[in-house]
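# Coordinate analysis (summary)
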Amino acid sequence: MAKHSTTRAEPTIEAPAIDAQDASALRVFIESMIASGAVATLVHWLLALISRLWKTQNDLVERMRVRKRRNGDNEKFARLQVMLPGFDWSAANDNAPKKPEPKDDKRRREKNTRRDEHGRGKLPENIQRKEEKILVPDGQRACNRCGLEMTLKQWIRREILERIPAHWFVRLILRERLACACCQQQSVAAEPVDTVIDGGFLGTDMLIDATVDHFGNAVPFERMAREARSQGVPLSANTLARNVHALIDRLQPVVDHVFHRCVASQVVGSDATSMRVLDPKIARGIRHATLWNLLGDERWSFFGYAPTGH
């Protein structure tokens, strides 16, 4: 009786979707596949998993190369280097030939970054130059070998930035007054010069500069007065502050216009901030007032003082 050899077919088992990050579930799945004899299915599943992980890792490495080339090294990039060892982290396409730069842009950049022999940028041409010539002393103008007086070869050029302090001057106003030489009854005088405070002696241009320095550059009035006194100008900080505040009062029509535009807006926002003010009528001498801010249509902003918070 002939014996027939039969080959036992390996059972085909459909591999379920297993999360590769779940180590315990992955271990149970592999052990169950081995126990059931589905080795070929297990190998096929493991190869597919490795291929998918390899592709994901390569995509991540390429993205990190692009980010490194754009932003440089950072803490997150160093952490990923530790997590994904064994890869070449050099930036992609670093050895690729660079595109030729337009000649106009290259010349413009060279012109803007051109430096002199000292390695520092040149001073702008619009700054006033005052030429100063320093001559060789008379005892050194003759040649030591032949005794003849040497001639000019060149001027050694050097630029030094300087600053002249504020120049104070007094405007002497002479107003003409006319009178009738016949009857001596009629006279007329030229219009007086307008100042911020009637009869004040501080000019408008000086007060405008002081206003910009105080509110724009946070320069105290005491410092302005101290600098003026150091140059021989008798200027008081209180006088300067009083004139600057009078100049600000001249802007009240502009403030009123901004206020009306705020309250006439479709959307009006308001905010109050408490502030302490001096009041001699109070026992402690200090009371709390309020600074209100109105914002109209996110375009017009008005600040107003109120003695209370109501």
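The structure contained in this document is the topic of the report that follows. (Residues numbered from 1 in each chain as written. Predicted model: local features only at pLDDT ≥ 70, side-chain atom pairs only at ≥ 80, totals over all residues. Heavy atoms only, no water.)

Helix and strand content of the protein chain: 8 helices and 5 strands. Mapped from its N terminus to its C terminus, the protein chain presents α and β elements in the order α-α-α-α-β-β-α-α-α-α-β-β-β. Taken over 310 residues, the protein chain has a buried fraction of 17%. For the protein chain, the proportion of contacts with a sequence separation of at least 24, taken over those separated by at least 6, is 40%. Working note: accessible area of the protein chain is about 27,300 Å², and carbon and sulfur atoms make up 54% of it. (Helix = DSSP H or I, 4+ residues; strand = E, 2+ residues; numbered from the N terminus. Buried < 20%, exposed > 50% of the residue type's maximum accessible area, 1.4 Å probe, protein only. Contact = heavy atoms within 4.5 Å. Areas by Shrake-Rupley, 256 points an atom, 1.4 Å probe, with all protein chains shown as cover.)

Look at helix 5 (residues 204-216) against helix 7 (residues 237-249): their axes get within 10 Å of each other, and the N-to-C directions meet at 95°. In terms of axis orientation, helix 5 runs roughly perpendicular to helix 7. For the pair formed by helix 5 and helix 7, the contact residues are Met-206, Leu-207, Ile-208, Ala-210, Thr-211 and Phe-215 on the first element and Leu-240, Asn-243, Val-244, Leu-247 and Ile-248 on the second. For the contact of helix 5 with helix 7, the class distribution of residues is 9 nonpolar, 2 polar and no charged. (Axes fitted to C-alpha atoms, helices over the stretch in contact; angles between N-to-C directions. Parallel < 35°, antiparallel > 145°, perpendicular 65-115°, else oblique. Nonpolar A, V, L, I, M, F, W, Y, C, P; charged D, E, K, R; others polar.)

With phi around 60°, Ala-218 is a residue other than glycine that occupies positive phi space. Counting through the fold element by element, Ala-218 comes out in the loop between helix 5 and helix 6 (221-230).

Turning our attention to the layout of surface pockets. The rolling of a water-molecule-sized probe over the atoms marks out the regions of remaining empty space. Reported here for the largest pocket is a volume of approximately 1,500 Å³. As for the largest pocket, its lining consists of 28 residues, and the residues nearest its centre are Lys-130, Glu-131, Glu-132, Lys-133 and Arg-158. By residue class, the composition of the lining of the largest pocket is 12 nonpolar, 4 polar and 12 charged. The volume enclosed by the second largest pocket comes to roughly 1,200 Å³. Trp-168, Phe-169, Leu-202, Gly-203 and Met-206 are the residues nearest the centre of the second largest pocket, which is lined by 35 residues in total. Every element with two or more residues in the lining of the second largest pocket is listed here: helix 5 and helix 6. For the lining of the second largest pocket, the element with the highest residue contribution is helix 5, accounting for 6 residues. Of the residues in the lining of the second largest pocket, the class split is 19 nonpolar, 7 polar and 9 charged. (1 Å grid on protein atoms, 1.4 Å probe; cavity = no way out; pocket = protein on both sides within 12 Å on 5 of 7 lines; lining within 4 Å. Points joined across faces, edges and corners; volume = space filled by probe spheres on them.)

By the alternation rule, side chains of strand 5 (residues 300-306) split into Trp-300, Phe-302, Gly-304 and Ala-306, which are all buried, and Ser-301, Phe-303 and Tyr-305, of which none is buried. Pairing between strand 4 (residues 286-296) and strand 5: 7 bridges, direction antiparallel. For Thr-290, the partnering residue across the bridge sits in strand 5 and is Ala-306. If you look at the hairpin formed by strand 4 and strand 5, you'll find 3 residues sitting between the two strands, and Asp-297 has a positive phi there, around 55°. (Pairing = 2+ DSSP bridges.)

The subject of this paragraph is helix 6. Side chains that are three or four residues apart share a direction in an α-helix, a result of its 3.6 residues per turn. For helix 6, the set of buried residues is Phe-221, Met-224, Ala-225 and Ala-228. Looking straight down helix 6, one finds that the buried residues subtend no more than 95° of arc, so they occupy a single side. Contact partners of the buried residues in helix 6: helix 5 and helix 7. Positive backbone phi, approximately 85°, marks Gly-232, located one or two places after helix 6. (Arc of directions from axis to C-beta.)

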